[in-house]
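A look at the structure
Chain by chain, the residues run as shown.
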Amino acid sequence: GNPSVAYGPYRALIDQINREAPDFSVHVGDFKSGSSPCSDAEFQAQLAHFARFKNGLIYTPGDNEWTDCHRPSNGSHDPVERLNKLRQIFFPSSQSLGQSSIQLLRQPSVHPQHADHVENAFWMHKQVAFATVHIVGSNNNFETRSPPAVQEFFKRDAANVDWIKHAFTLAQERQAKALVFAFQADVFESKNQWEDFPAHSGFARSVGETLLPLAAQSRLPILIVHGDSHVFKFDQAFQWQKQPLPSVYR
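Residues numbered from 1 in each chain as written. Predicted model: local features only at pLDDT ≥ 70, side-chain atom pairs only at ≥ 80, totals over all residues. Heavy atoms only, no water.

**Looking at the state of the cysteines**
What counts is decided by this rule: When the sulfur atoms of two cysteines come within 2.5 Å, that pair is taken as a disulfide. For helices the rule is a DSSP run of H or I covering at least 4 residues; for strands it is a run of E covering at least 2, with both sets numbered from the N terminus onward. Relative accessible area decides the class of each residue, using a 1.4 Å probe on protein chains only: under 20% of the type maximum gives buried, over 50% gives exposed, and in between gives partly exposed.
With the rule as written, the count across this model stands at 1 disulfide. What pairs with Cys-38 in a disulfide is Cys-69, and their sulfur atoms sit 2.0 Å apart. Between Cys-38 and Cys-69, the disulfide has an S-S torsion of -80 degrees and is therefore left-handed. Taken together, the residues Cys-38 in the loop between strand 1 (24–27) and helix 2 (40–51) and Cys-69 in the loop between strand 2 (56–59) and helix 3 (79–90) connect sequence positions 31 residues apart. Accessibility classification places Cys-38 together with Cys-69 in one group, the buried group.

If you want it as structure tokens, here you go:
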């Protein structure tokens, strides 16, 4: 559980990214392991890592940074308190992180009713629309045994639904050639042999009932970039109404 063990390889990776000099990078969450401390000091150490990126760095949170922080190995934190701290430290302005930051459209400036959800961002690059959506593993914090978790989930789920819809609208208005969504969760976490998104799935509304039907109606190619499953895949894993969605890649 010593987080600093990962620092060396991670810094080497950032150095390699800087040598490749992409226009920007997206970090899809889990900047720490699920069994290491969720301390303020760890958050600051990770903020310093993001500052090592020469290009713009857009970050969307993972479950290891907040939903899993109640674990004794993480320091027995209140997950909602850690989420608020995360928002405060990592999303201070409408700029991305990284040394040459890029201007982002953040959800509160569009949807004042979702004022807390500073992490949801949208930007355009070379006629491609990009959006981060705060959808995390651990079933998206839809933990029915914990009333505060359920309350947090419903609030964020509503924000995510509105942000996904808005991303499709903006992509159309700005005549984007493709639309990219980035989030941490592998949304097939709770699928069974009958349904991709059963009733207890924390991904049913945002992905199953919002993103996928909009993708089915849209003429745009859609790329979903997610983390959490630890194996690199490039496939067309999504379906809508039991039919494959060939326009949606991940």
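**Here's the deal with the nonpolar core**
The criterion, for reference: We call a set of buried residues a nonpolar core when its members are Ala, Val, Leu, Ile, Met, Phe, Trp, Tyr or Cys and they connect through side-chain atoms within 4.5 Å of each other. Here, two residues are considered to be in contact whenever any of their heavy atoms come within 4.5 Å of each other.
Among the nonpolar cores identified, the biggest contains 31 residues, and Ile-135, Leu-179, Phe-181, Val-187 and Ile-222 are the most heavily contacted of them. For this core, the secondary-structure elements that each account for two or more residues are strand 5 (128–132), helix 6 (147–173), strand 6 (178–183), helix 7 (204–217) and strand 7 (222–226). At 6 residues, helix 6 tops the list of elements feeding residues into this core. Ignoring sequence-local partners within four residues, the contact set of Val-187 consists of Ile-135, Asp-196, Phe-197, Phe-203, Val-207 and Phe-238. Formed by 16 residues, the second largest nonpolar core is a distinct cluster that contains Ile-14, Trp-66, Phe-91 and Val-136.

**Details of the pairing of strand 1**
Our working definition: Note on pairing: two strands pair once DSSP finds at least 2 bridges between them. By convention a crossover is right-handed if, when the strands point away from the viewer, the path from the first strand over the helix to the second runs clockwise.
As paired elements, strand 1 and strand 2 share 4 bridges and run parallel to each other. Bridge pairing in strand 2 places Phe-24 opposite Gly-56. Handedness of the crossover is the feature at issue here: the chain leaves strand 1, passes through helix 2, returns alongside strand 2, and the resulting connection is right-handed.

**Details of the packing of aromatic side chains**
Under the convention used in this document: Paired rings are identified among Phe, Tyr and Trp, the last through its six-membered ring, by centres lying within 6.5 Å, and are further divided according to the angle between planes into stacked (under 30 degrees), edge-to-face (over 60) and tilted (the rest). Charges are assigned to positions over rings by a cutoff of 6 Å between ring centre and Lys NZ or Arg CZ, combined with an angular limit of 35 degrees from the ring normal.
In total, this model carries 19 aromatic pairs according to the counting rule given. Taken together, a centroid distance of 5.6 Å and an interplanar angle of 10 degrees make the contact between Tyr-59 and Phe-91 stacked. With Tyr-59 in strand 2 and Phe-91 in the loop between helix 3 and strand 3 (105–106), the pair connects residues that are 32 residues apart, well separated along the chain. The class for Tyr-59 is buried, based on a relative accessible area of 2%. On the basis of relative accessible area, Phe-91 is assigned to the buried category, the value being 7%. Ring-pair connections join several aromatic residues into one group, and the members of that group are Phe-31, Phe-43, Phe-50, Tyr-59, Phe-90 and Phe-91. The ring centre of Phe-188 lies 5.2 Å from the NZ or CZ of Lys-191, which sits over that ring.

**Describing the environment of Asn-74**
For clarity, the cut-off: Definition of a polar contact: a pair of N or O atoms within 3.5 Å, with one able to donate and the other able to accept a hydrogen when the atoms are protein atoms, and with sequence-neighbouring residues admitted only if both atoms are side-chain atoms.
Of note, Asn-74 is situated in the loop between strand 2 and helix 3. The class for Asn-74 is buried, based on a relative accessible area of 0%. With 10 residues separating them along the chain, Asn-74 and Asn-64 place their C-alpha atoms 9.1 Å apart. When sequence neighbours within four positions are dropped, the list of residues in contact with Asn-74 reads Lys-32, Gly-34, Ser-35, Ser-36, Pro-37, Cys-38, Asn-64, Asp-68 and Cys-69. Among the polar contacts listed, one links the side chain of Asn-74 to the side chain of Lys-32, at a separation of 3.1 Å. A distance of 3.1 Å separates the side chain of Asn-74 from the side chain of Ser-73, its partner in a polar contact.

**Observations regarding helix 7**
Counted only if it meets this: Expected helix span is taken as 1.5 Å per residue step, with the number of steps being one fewer than the number of residues. To get the bend at any residue, fit one axis to the seven residues that end at it and another to the seven that begin at it, then take the angle between the two axes.
For helix 7, built from 14 residues, the straight-helix expectation of 20 Å at 1.5 Å per residue is met to within 8% by its first-to-last C-alpha distance of 18 Å. In the structure, helix 7 departs most strongly from a straight axis at Leu-211, where the bend amounts to approximately 25 degrees and where the proline Pro-213 lies between one and four residues downstream. When helix 7 is considered as a whole, its buried residues turn out to be Ala-204, Ser-206, Val-207, Gly-208, Thr-210, Leu-211, Leu-212, Pro-213 and Ala-215. Those residues of helix 7 hidden inside the fold are in contact with helix 6, strand 6, strand 7, strand 8 (239–240) and strand 10 (248–249).

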